[in-house]
Amino acid sequence: MLPHFKDTRFWLTGQANFIFQTHPPFSALYSGTHSLSPDYEKATSRVMTLYTGVRLNNSTELLVDIEEAGGAALTSGFGLAGNTDLDIVRNPSLSKTPYLGRGMIHKVFALSKDRIENQRNAFSLFDELPRRRLEIRFGKFSMPDFFDLNSVGTDTHLQFINWTTDNNGAWDYAADTRGYTVGLTADYEDRNWGFRFAEALMPKIANGIDLVWRPWQVHAENYEYELRHGLIPKKAGVIRLLAYTNYANMGIYREAVAQFEEGLVTTPDITNHPWHITRKYGFGGNVEQNLAPNLTAFARFGWDNGKTESFAYTEVDQTFAAGLGAAGALWHRRQDRAGVAVVTNGICKDHQEYLRLGGQGFLLGDGNLNYGRENIVETYYTAHVWRGIYVAPAVQHINDPGYNRDRGPVVVPSFRLHVEF
């Protein structure tokens, strides 16, 4: 909405994202405390961000973002592994006051003399970058700022909004309740490929707001290799391979079930254990492929070991997503865009048994579970109204919400208002 200046070492922009969602009544044989409500609901979420930065010299910059998130989520965010709104606050008791979203130092080490043009943005203020380089970032950030990115399936401001469409659902990435962590990333970029690594802090409890400041005990590693080469000859594309390990005070589903079967507890409880450090690991793939001018396909695959407690992102152990993103130039609306995607999510046998016996995760817990994969179809259309104002009607259809064949299907229409300045 406001002009941006190129010839400056400062950065000041902002955004506001409002998402209204509702769902009509749907069939449910039973409901638990962590079930999506089968009754009519409506909710509106908001996220407002002020992006600031200053370039200290030709290779170093300081980036600070202030954010405010609030509003409400359908059923307070419970009952779905692939939640329908990535912007929601997963803990409604959190303060609504503004907070530090990101605060990091970004340093670029040149490894070649030739340079490439860089499109300035809130995460990188440089006009040019060395073609071969090492980028180091240290501070507070969100893992999806730099990992598992996708040009048509990442951005809740203008694209899809389901948790498992925009991110790899089986990637239990290090984060507090608001989606942020503290750590370090190292990103090596060459002409046609790149490799990045992150070391970060994990929360004290599942979906917790407090991080554990003992990285020698509680920590997470993330690795991603990116090959900028299409699967179709002479058409642009990108292939990304992701891996991660988490070490935190996480429970083991099989042990929680064993406690119940031995009569030690009345219902399985994944948190009923002394402080101990367990490991969770997983892998993912992320592909985007240009099919025609202004038409791009994408796909994600994710898997984690599943026997360890879902802890930081969502309750998914296997996921596959595929979809199409189209730019509005196809129909002479240059700043519009549209997309459609399908997602299928699953959990491992131990996780299934835990929920079947009445156990609760930080998102799921119907009191019983007649297991089936959670299958989602999502589509949206983002229309540019004027300057930095966009509106986007959308709809999601979910079969077996929370992996339960005894509930659903549910249809969730939504309407998004996005403003950039």
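Along each chain, residue indices are assigned from 1 in the same order as the chain's sequence is written. Confidence filtering applies because this is a predicted model: local features only for residues at pLDDT of at least 70, side-chain atom pairs given and counted only at 80 or more, and all residues used for totals across whole chains, interfaces and linings. The basis for every side-chain value is the complete set of non-hydrogen atoms in the structure, without hydrogens or water.

A. Spotlight on the pattern of salt bridges. By convention in these notes, a salt bridge is any Lys or Arg side-chain nitrogen within 4 Å of a carboxyl oxygen on Asp or Glu. Throughout the structure, instances matching the rule amount to 23 salt bridges. A salt bridge links R254 to D350; its shortest N-O distance comes to 3.2 Å. Linking R254 in helix α2 (residues 253-261) with D350 in helix α3 (residues 349-356), this pair joins segments that are 96 residues apart in sequence. Burial here depends on accessible area, computed with a 1.4 Å probe over protein chains only, as a share of the maximum for the residue type. Under 20% is buried, over 50% is exposed, and the range in between is partly exposed. Of the residues examined, D350 reaches a relative accessible area of 14% and is grouped as buried. With a closest N to O distance of 4.0 Å, D304 and K280 form a salt bridge. You can see D304 sitting in strand β13 (residues 295-304) and its partner K280 sitting in strand β12 (residues 278-292), a full 24 residues away along the chain. Only DSSP runs of H or I covering at least 4 residues are called helices, and only runs of E covering at least 2 are called strands; the numbering of each starts at the N terminus.

B. Seen up close, the packing of aromatic side chains. Note on ring pairs: Phe, Tyr and Trp rings are taken, using the six-membered ring of Trp, and paired if centres are within 6.5 Å. Classes follow the plane angle, with under 30 degrees stacked, over 60 edge-to-face and the rest tilted. Throughout the structure, instances matching the rule amount to 16 aromatic pairs. Centre to centre, the rings of F160 and F298 are 5.8 Å apart; their planes meet at 50°, and the pair counts as tilted. Of the two residues, F160 sits in the loop between β7 (133-141) and α1 (163-166) while F298 sits in strand β13, which places them 138 residues apart along the sequence. Residue F160 is classed as buried on the basis of its relative accessible area, which comes to 0%. Ring centres 4.8 Å apart and planes at 45° place the aromatic pair W171 and Y173 in the tilted group. Note on accessibility: W171 and Y173 belong to one class, buried. Stacked on the ring of F109, the Lys or Arg K107 has its end atom at 5.6 Å from the ring centre. Sitting above the plane of the Y380 ring, R416 keeps its charged end 5.9 Å from the centroid. Consider the ring centre and the ring normal. A charge sits over the ring if Lys NZ or Arg CZ is within 6 Å of that centre and within 35 degrees of that normal.

C. View of the environment of F123. Relative to the helices and strands, F123 is located in the loop between β5 (115-117) and β6 (128-130). Spatially, the C-alpha atoms of F123 and E61 are 9.6 Å apart, while their sequence positions differ by 62 residues. Throughout, a contact is declared for two residues whenever any of their heavy atoms are within 4.5 Å. In this view, F123 contacts E61, L63, D65, R102, H106, R137, D145 and F146; residues no more than four positions away in its chain are not counted.

D. View of a nonpolar patch on the surface. By definition, no residue in a patch forms a salt bridge, and every one has over 30% relative accessible area; like charges are joined within 9 Å, nonpolar side chains (Val, Leu, Ile, Met, Phe, Trp, Tyr) within 5 Å. Note on areas: Shrake-Rupley with a 1.4 Å probe; residue coverage comes only from the protein chains shown. Residues M1, L12, L50, I66, L100, V385, W386 and F421 make up a contiguous nonpolar surface patch of about 730 Å² in total accessible area. Of note, F421 is situated in the segment after β18 (410-420).

E. Representation of α2 in the model. Inspection of α2 places Y253, A256, V257 and Q259 among the buried residues, and these make up the whole buried set. Along the long axis of α2, the arc covered by the buried residues comes to 155°, so they all point the same way. Exposed residues lying more than 90 degrees from the buried face of α2 are R254 and E261. In this fold, the buried residues of α2 make contact with α3. With its phi angle positive at about 80°, G263 sits one or two positions after the end of α2. Taking the helix axis as origin, the arc is that swept by the directions to the C-beta atoms.

F. Local environment of the packing of α2 against α3. Whenever a helix is involved, its axis is fitted only over the stretch in contact; in every case the axis is a line through C-alpha atoms, and angles between N-to-C directions fall within 0 to 180 degrees. At a minimum axis separation of 8 Å, α2 and α3 run at an interaxial angle of 35°. The way α2 lies across α3 gives a crossing that is left-handed. Each of Y253, R254, A256 and V257 in α2 lies in contact with α3, whose residues at this interface are D350, H351, E353 and Y354. For this scheme, ten residues count as nonpolar: Ala, Val, Leu, Ile, Met, Phe, Trp, Tyr, Cys and Pro. Four count as charged, namely Asp, Glu, Lys and Arg, and the remainder, Gly too, count as polar. Looking at the contact of α2 with α3, its residues break down into 4 nonpolar, 1 polar and 3 charged. Rotating anticlockwise by less than a right angle from the far helix to the near helix defines a left-handed crossing, while the corresponding clockwise rotation defines a right-handed one.

G. Fine view of the nonpolar core. In terms of nonpolar packing, the biggest core is built from 46 residues, with M143, F147, W171, M202, Y354 and Y403 touching the most fellow members. Looking at this core, the elements with two or more residues in it are β9 (193-200), β11 (237-248), α2 and α3. In this structure M202 touches A174, L211, V212, V218, H219, A220, N246, Y247, A248 and F311, once residues within four positions along its chain are discounted. We call a set of buried Ala, Val, Leu, Ile, Met, Phe, Trp, Tyr and Cys residues a nonpolar core when their side-chain atoms join them within 4.5 Å. Formed by 11 residues, the second largest nonpolar core is a distinct cluster that contains F26, L36, L80 and I398.

H. A look at the side chain of D317. The topology assignment puts D317 in the loop between β13 and β14 (318-327). Under this rule, positive means Lys or Arg and negative means Asp or Glu; His and the chain ends count for nothing. Buried charge without a partner: D317 forms no salt bridge, and the closest opposite charge is K280, 4.7 Å away. Polar contacts, as used here, are pairs of N or O atoms within 3.5 Å; protein pairs need one atom able to donate a hydrogen and one able to accept it. Residues neighboring in sequence count only if both atoms are side-chain atoms. Looking at D317, its side chain comes within polar contact range of the side chain of H351, at 3.3 Å.

I. Summary view of the pairing of strand β16 (residues 374-386). DSSP calls a pair of strands paired once it identifies at least 2 bridges connecting them. Sheet analysis places strand β15 (residues 337-346) next to β16, joined by 9 bridges and oriented antiparallel. In the sheet register, A338 faces β16, and the bridge partner there is Y381. Linking two consecutive strands that pair antiparallel, namely β16 and strand β17 (residues 389-399), is a turn of 2 residues; a positive phi of about 45° is found at R387 within it.

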